[in-house]
Amino acid sequence: MDRMPTTTIPAELFLLLTTDAGRQDSTQHRRVALAAAALAELALREKITLTEERRPRVEVVDTASTGLPIIDQALGAVTELRRTRLAAVITHRSLDLTEVIGASFAAEGVVVRKDGWFTTTWPTHDDTVETSLRARLVAALEDPRRASVQDAVLLEILRALGIAHRILCEDLPGVGRRDLERRIEALDVDVPVADAVRRVIQEYQVAMQVATQAGAVSS
């Protein structure tokens with residue numbers, strides 16, 4: 001597998017988690033997922049590392065610019081947070097990359113910006129980038145030898161969110177949910193931060209479910 005991503009992981013995840021109408025697809029946790037993806041990429045670029053704890057802290061080891069606005073914004077935010085635990089980092093408002101990613105794609109003509117009364121959506125304008133991305137992920141799942149680290153991290157995040165099949169089912173007709181998850185697991189992501197991110201995402205989702213249920217009971 002290649003070590004260095006060619007395009008940013010959070011940007012590609014944004015495409016997968018955004019409908020053609022420009023809204024979140026299959027998850028209410030796009031912001032957190034994008035932050036997690038950015039941390040995975042920062043680790044791949046050797047900008048951050050994680051402490052060896054059950055609940056690891058994020059340590060910045062290189063603050064030099066990557067030349068990529070999305071990744072540099074994430075790096076700056078993590079640097080300001082100073083050795084914060086991973087779980088707190090991915091949920092911090094300063095790691096909200098939705099705007100910078102959406103604006104970047106809008107500038108490239110991939111999406112258009114649509115400001116509403118309370119939210120901004122990013123409807124698809126040119127789907128060729130996402131189509132190419134999906135074809136690449138399908139190729140990785142059909143032949144793991146063709147998978148890059150970036151492919152594996154993207155798929156692992158989708159698996160952690162529990163939405164891999166919902167996002168990719170039309171691209172992989174006939175492949176069931178369990179089969180798809182086994183294929184993703186078989187990619188064997190050799191990126192320690194990816195495993196940590198997966199655990200944190202799953203813990204976050206459980207916490208949100210508990211909070212939602214508690215709210216429903218008390219109302």
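Please read these numbers as outputs of a predicted model, since none were measured by experiment. Along each chain, numbering runs from 1 in the same order as the chain's sequence is written. Only residues with pLDDT of at least 70 get local features here, since the model is predicted, and only at 80 or more are side-chain atom pairs given and counted; chain-wide, interface and lining totals rely on the full set of residues. Calculated side-chain values reflect all of the structure's heavy atoms, with hydrogen atoms and water omitted.

Digging into the layout of surface pockets
A pocket here means an open set of points on a 1 Å grid, computed over the protein atoms alone, that has protein on both sides within 12 Å along at least five of seven lines. A cavity is instead a set of points where a 1.4 Å probe fits but cannot get out; residues with an atom within 4 Å of a point line either one. Grid points are joined across faces, edges and corners, and a volume is the space filled by probe spheres set on the points. Taken as a whole, the largest pocket spans an internal volume of roughly 310 Å³. In DSSP terms, a helix is any run of H or I states spanning at least four residues, a strand is any run of E spanning at least two, and both are numbered starting from the N terminus. For the lining of the largest pocket, the secondary-structure elements that each account for two or more residues are α1 (9–16), α3 (69–81), α5 (98–107) and α6 (128–142). For the lining of the largest pocket, the leading source of residues is α6, giving 4 residues. Considered class by class, the residues forming the lining of the largest pocket number 9 nonpolar, 5 polar and 4 charged. Under the grouping applied here, Gly and all other residues not named as nonpolar or charged are polar, the nonpolar ones being Ala, Val, Leu, Ile, Met, Phe, Trp, Tyr, Cys and Pro and the charged ones Asp, Glu, Lys and Arg.

Description of unusual backbone geometry
Here the phi dihedral of E46 falls at roughly 60 degrees; this positive angle occurs in a residue that is not glycine. The topology assignment puts E46 in the loop between α2 (30–44) and β1 (48–50).

Quick word on empty space enclosed by the protein
Within the structure shown, the criterion is met by 1 cavity of 30 Å³ or more. Approximately 70 Å³ is the volume found for the largest cavity. Tallied by class, residues from the lining of the largest cavity come to 5 nonpolar, 3 polar and 2 charged.

Quick word on the packing of helix α7 (residues 149–161) against helix α9 (residues 177–186)
Between α7 and α9, the least distance of the axes is 9 Å, while the angle of their chain directions is 135 degrees. Here α9 runs oblique to α7, going by the angle between their axes. The crossing of α7 and α9 is left-handed. Contacts between α7 and α9 pair L155, E156 and R159 from the former with E181, I184 and E185 from the latter. Classifying every residue of the contact of α7 with α9 gives 2 nonpolar, no polar and 4 charged. To obtain each axis, a line is fitted to C-alpha atoms, and for helices this fit is confined to the stretch in contact; angles are then taken between N-to-C directions over 0 to 180 degrees. Roughly parallel covers angles under 35 degrees, roughly antiparallel covers those over 145, roughly perpendicular covers 65 to 115, and oblique covers all other angles. Two helices crossing with the near one rotated counterclockwise from the far one by less than a right angle form a left-handed crossing, whereas a clockwise rotation gives a right-handed crossing. In what follows, residue pairs with any heavy atoms lying within 4.5 Å of each other are defined as contacts.

Observations regarding the packing of α2 against α3
The N-to-C vectors of α2 and α3 enclose an angle of 90 degrees; their axes lie 10 Å apart at closest approach. The angle between α2 and α3 falls in the class roughly perpendicular. Counted together, A38, L39, E41 and L42 of α2 and I71, A74, L75 and V78 of α3 form the full contact between these two elements. When its residues are assigned to classes, the contact of α2 with α3 shows 7 nonpolar, no polar and 1 charged.

As for the environment of H165
Here H165 lies in helix α8 (residues 164–168). On a C-alpha basis, the gap between H165 and L180 in space is 6.7 Å, while along the polypeptide they are 15 residues apart. In this view, H165 contacts V175, G176, R177 and L180; residues no more than four positions away in its chain are not counted.

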